[in-house]
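Coordinates in review
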Amino acid sequence: MAKLRRGFKTEAEALAKEVRAELGLAKLDRLDPHHLADHLEIPVVGLSELPEDLPGVQHFLSVERESFSAVTVFRRRRRVIVHNDSHFPTRQNSNLTHELAHGLLLHEPAPALDSLTGCRNWNDTNESEAAWLGGVLLVTNDMALAVARGRLTRKQALERFGVSERMLNWRLSVTGAYKRATRERAWRSNSNRW
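Quick summary incoming for the structure in this document. (Residues numbered from 1 in each chain as written. Predicted model: local features only at pLDDT ≥ 70, side-chain atom pairs only at ≥ 80, totals over all residues. Heavy atoms only, no water.)

Bringing the side chain of Thr97 into the picture now. In this structure, Thr97 sits in helix α4 (residues 89-104). Exposure remark for Thr97: the relative accessible area of 0% places this residue in the buried category. Residues within four places of Thr97 in sequence aside, it is in contact with Leu31, Pro33, Gly134, Leu137 and Leu138. (Helix = DSSP H or I, 4+ residues; strand = E, 2+ residues; numbered from the N terminus. Buried < 20%, exposed > 50% of the residue type's maximum accessible area, 1.4 Å probe, protein only. Contact = heavy atoms within 4.5 Å.)

This part is about the pattern of salt bridges. In total, this model carries 3 salt bridges according to the counting rule given. The partner of Glu129 in a salt bridge is Arg5, with the nearest N and O atoms 3.8 Å apart. Of this pair, Glu129 sits in helix α5 (residues 124-138) while Arg5 is found in the segment before α1 (8-22), placing the two residues 124 residues apart along the sequence. Of the charged contacts, one joins Arg149 and Glu184 as a salt bridge, the two residues approaching to 2.7 Å between their closest N and O atoms. Here Arg149, found in the loop between α6 (141-148) and α7 (154-161), pairs with Glu184, found in helix α9 (residues 177-193); they are 35 residues apart in sequence, far enough to count as distant. Residue classification places Arg149 among the partly exposed positions, given a relative accessible area of 41%. Take Glu184: its relative accessible area is 24%, and that puts it in the partly exposed class. Each of the salt bridges in this network shares a partner with another, and the network as a whole consists of Arg5, Glu11 and Glu129. (Salt bridge = Lys/Arg side-chain N within 4 Å of Asp/Glu carboxyl O.)

Okay, the pairing of strand β2 (residues 70-75) next. Examined bridge by bridge, β2 and strand β3 (residues 78-83) share 6 bridges and lie antiparallel to one another. Across the sheet, residue Thr72 finds its bridge partner in β3, namely Ile81. Turn length for the β2-β3 hairpin, with the two strands adjacent in sequence and antiparallel, is 2 residues, and the turn residue Arg76 shows positive phi of about 60°. (Pairing = 2+ DSSP bridges.)

In this section: the packing of aromatic side chains. Summed over the entire model, instances satisfying the criterion amount to 1 aromatic pair. Both rings, one in Trp132 and one in Trp170, keep their centres 5.5 Å apart while their planes meet at 85°; by these two values the pair is edge-to-face. Separated by 38 residues along the polypeptide, Trp132 in helix α5 and Trp170 in helix α8 (residues 165-175) bring together distant segments of the chain. Owing to a relative accessible area of 25%, Trp170 belongs among the partly exposed residues under this scheme. (Phe/Tyr/Trp six-rings, centres within 6.5 Å; stacked < 30°, edge-to-face > 60°.)

Running from N to C, helix α2 (residues 33-40) and α4 point in directions that differ by 25°, and their axes come no closer than 9 Å. Taken together, α2 and α4 sit at an angle that is classed as roughly parallel. The way α2 lies across α4 gives a crossing that is left-handed. On α4, the residues touching Pro33, His34, Leu36, Ala37 and Leu40 of α2 are Asn93, Leu96, Thr97, Leu100 and Leu104. (Axes fitted to C-alpha atoms, helices over the stretch in contact; angles between N-to-C directions. Parallel < 35°, antiparallel > 145°, perpendicular 65-115°, else oblique. Left-handed = near helix turned anticlockwise from the far one by under 90°.)

This part is about the pairing of β3. Two elements, strand β1 (residues 44-46) and β3, share 3 bridges in a ladder whose sense is parallel. Paired with Gly46 across the strands is His83, a residue of β3.

This is the structure:
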């Protein structure tokens, strides 16, 4: 992941709070990426919904399932997200939220392949920003703290938030939730002695 510009993490947290508020979500409510896509008026199409004879569809659905997660396709300024609906639901949630984060961040469209090399175009900054914002939308700082404070077990959090263990672990790590919860407990313990 590319280093994020100064202030981006704070901006992402504020944007996630704003988006979640627009969707009427409470602090510990699951974000449904399909609901967010509807809210943003971005159509979502699963690979299995595409014609079987379309090049690559069956390949990515059955042969190399892990090779394709999701992509935003543009037609002028209109976005459509195509995603691999053969993935586990928690992975689909991450894939879709990542693509929706590109939209929320107003990332400009770019050709999928480099015209000279034929290799995939990759904007490390945009991908890192979308990964970060996608994670914040799915597991906010408040959610991570709820787990670290013991309000929810990890199993309850996985089910409640609709995320993979990998996503939950990453968000618990990058938010410093366990360290913060430990400091809070130590502070309460010390203040009770006085």
